[in-house]
Amino acid sequence: MISNQVLQSTIDSLKGITRVDIAIADIDGKILASTFSDEQYTESMVSSFADSQADSQAVGGYQFFKIFDEHQLEYVLIAKGDTDDVYMVGKLAAFQIQTLLVAYKEKFDKDNFIKNLLLDNLLLVDIYNRAKKLHIDIGVKRVVYIIETEKGTNDSGALDALKTLFATKTKDFVTAVDEKNVIVVKEVKPNETAEELYHVGETILDMLETEAMIQARVSFGTVVNEIKDVSKSYKEAKMALEVGKIFYEDRNIIAYNRLGIGRLIYQLPLPLCKMFIKEIFTSISPDEFDEETLTTINKFFENNLNVSETSRQLYIHRNTLVYRLDKLQRSTGLDLRVFDDAITFKIALMVVKYMKYMESIDY
């Protein structure tokens, strides 16, 4: 169904060209849009015409036209005047509204198709048949972006802004399958690089922030070669968004293929994680580390286990850092200056983060 605002805009434009007053009513006679207010017709006249067999009719200085949607009567158009010129304008206006109906229905069908495609609700044969019917290219490379606003709800401003951003890209689709996120299914050109895909995420964030004043996070999956695999890219983007919240809080753009070890940890069962942590931290829990110790650990990892650079960035003497690392080794049995121990410690901290996150969303 076309919105009343679009109907009003359409007939205003038609009047501006033809200088003929036009109104549009539903089949019960209720006026949905009009360019004049001195109506001499009644709802009963409109509903009587709707019930008749005629496609057009002139009554009391007005001409009535039926507008169908696949043989189903949808609207009644009223043109003010009883001349042949008014009749011609009325016929053209009715045709224009009917064309709009077809366009809006196709747009809705495409949106519905994309939603079901993302959610993997379609059989393979249905995907190809419906894509062909809706004139959607099945062989175009595509990637799925998920945009989550800061509020965690599907902000209509974000949806409208993104539709505007991708309005000129006829092979791109903007939709929403839940109340939390906006989804963009984007066509990928043959030579488009990973950096360019990342730049699309930057463009989305920049546009939302500057034009819609919305803070958001963006994740995207891998590029798929066929339309049947779009749901795969969507699932990857969803995972990237969740993994990013756990392990990469400082990033507002997260790519699935850059998740690293975080992706593996995210797929581990919680009982296995708990068992692993108990084996690593036998005498002290990571929750018991003070802020100074955690800052030292994180900075040491950021600097690739370089003692000199870490001490410089922490504004402490090298010997002070060595003392802290020795103290940590005594309490955990792991020496972060040894590569294998450092890997074990890093993974353990990430597992703890994952466990805390999963516990928080359970309640």
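Just so it is clear, the structure is predicted and the values come from calculations on it, not from any experiment.

Draft legend 1. Structural context of the confidence of the model for the protein. Confidence in the prediction of the protein, expressed as mean pLDDT, is 88, and 97% of residues score 70 or more. Ranking the elements of the protein by mean pLDDT puts helix H5 (residues 156-165) last, at 83, and strand E10 (residues 253-255) first, at 96.

Draft legend 2. How the structure looks around the nonpolar core. With 37 residues, the main nonpolar core has Phe247, Leu336 and Phe345 as its most contacted residues. Mapped onto this core, the elements with two or more residues apiece are helix H7 (230-247), helix H9 (270-280), helix H10 (291-302), helix H11 (307-314), helix H12 (318-332) and helix H13 (339-362). Looking at this core element by element, the count peaks at eleven residues for H13. Ignoring any residue separated from it by four or fewer positions in sequence, one finds Leu336 in contact with Ile297, Phe300, Phe301, Leu305, Leu325, Leu328, Asp341, Ala342 and Phe345. Formed by 24 residues, the second largest nonpolar core is a distinct cluster that contains Leu159, Ile204, Val218 and Phe220.

Draft legend 3. Representation of the pattern of salt bridges within the structure. Under the defined criterion, the tally for this structure stands at 14 salt bridges. Here Glu148 ties to Lys245 by a salt bridge, and the two come within 3.0 Å at their closest N and O atoms. With Glu148 in strand E6 (residues 142-149) and Lys245 in helix H7, this residue pair connects regions lying 97 residues apart in the sequence. Across the pair Lys232 and Glu236 runs a salt bridge whose closest N-O atoms are separated by 3.0 Å. You can see Lys232 and its partner Glu236 sitting in helix H7, four residues apart, about one turn around the helix. Since its relative accessible area comes to 9%, Glu236 is described here as buried.

Parameters and conventions
- Residues numbered from 1 in each chain as written.
- Predicted model: local features only at pLDDT ≥ 70, side-chain atom pairs only at ≥ 80, totals over all residues.
- Heavy atoms only, no water.
- pLDDT = per-residue confidence, 0-100.
- Helix = DSSP H or I, 4+ residues; strand = E, 2+ residues; numbered from the N terminus.
- Core = buried A, V, L, I, M, F, W, Y, C linked by side-chain atoms within 4.5 Å.
- Buried < 20%, exposed > 50% of the residue type's maximum accessible area, 1.4 Å probe, protein only.
- Contact = heavy atoms within 4.5 Å.
- Salt bridge = Lys/Arg side-chain N within 4 Å of Asp/Glu carboxyl O.

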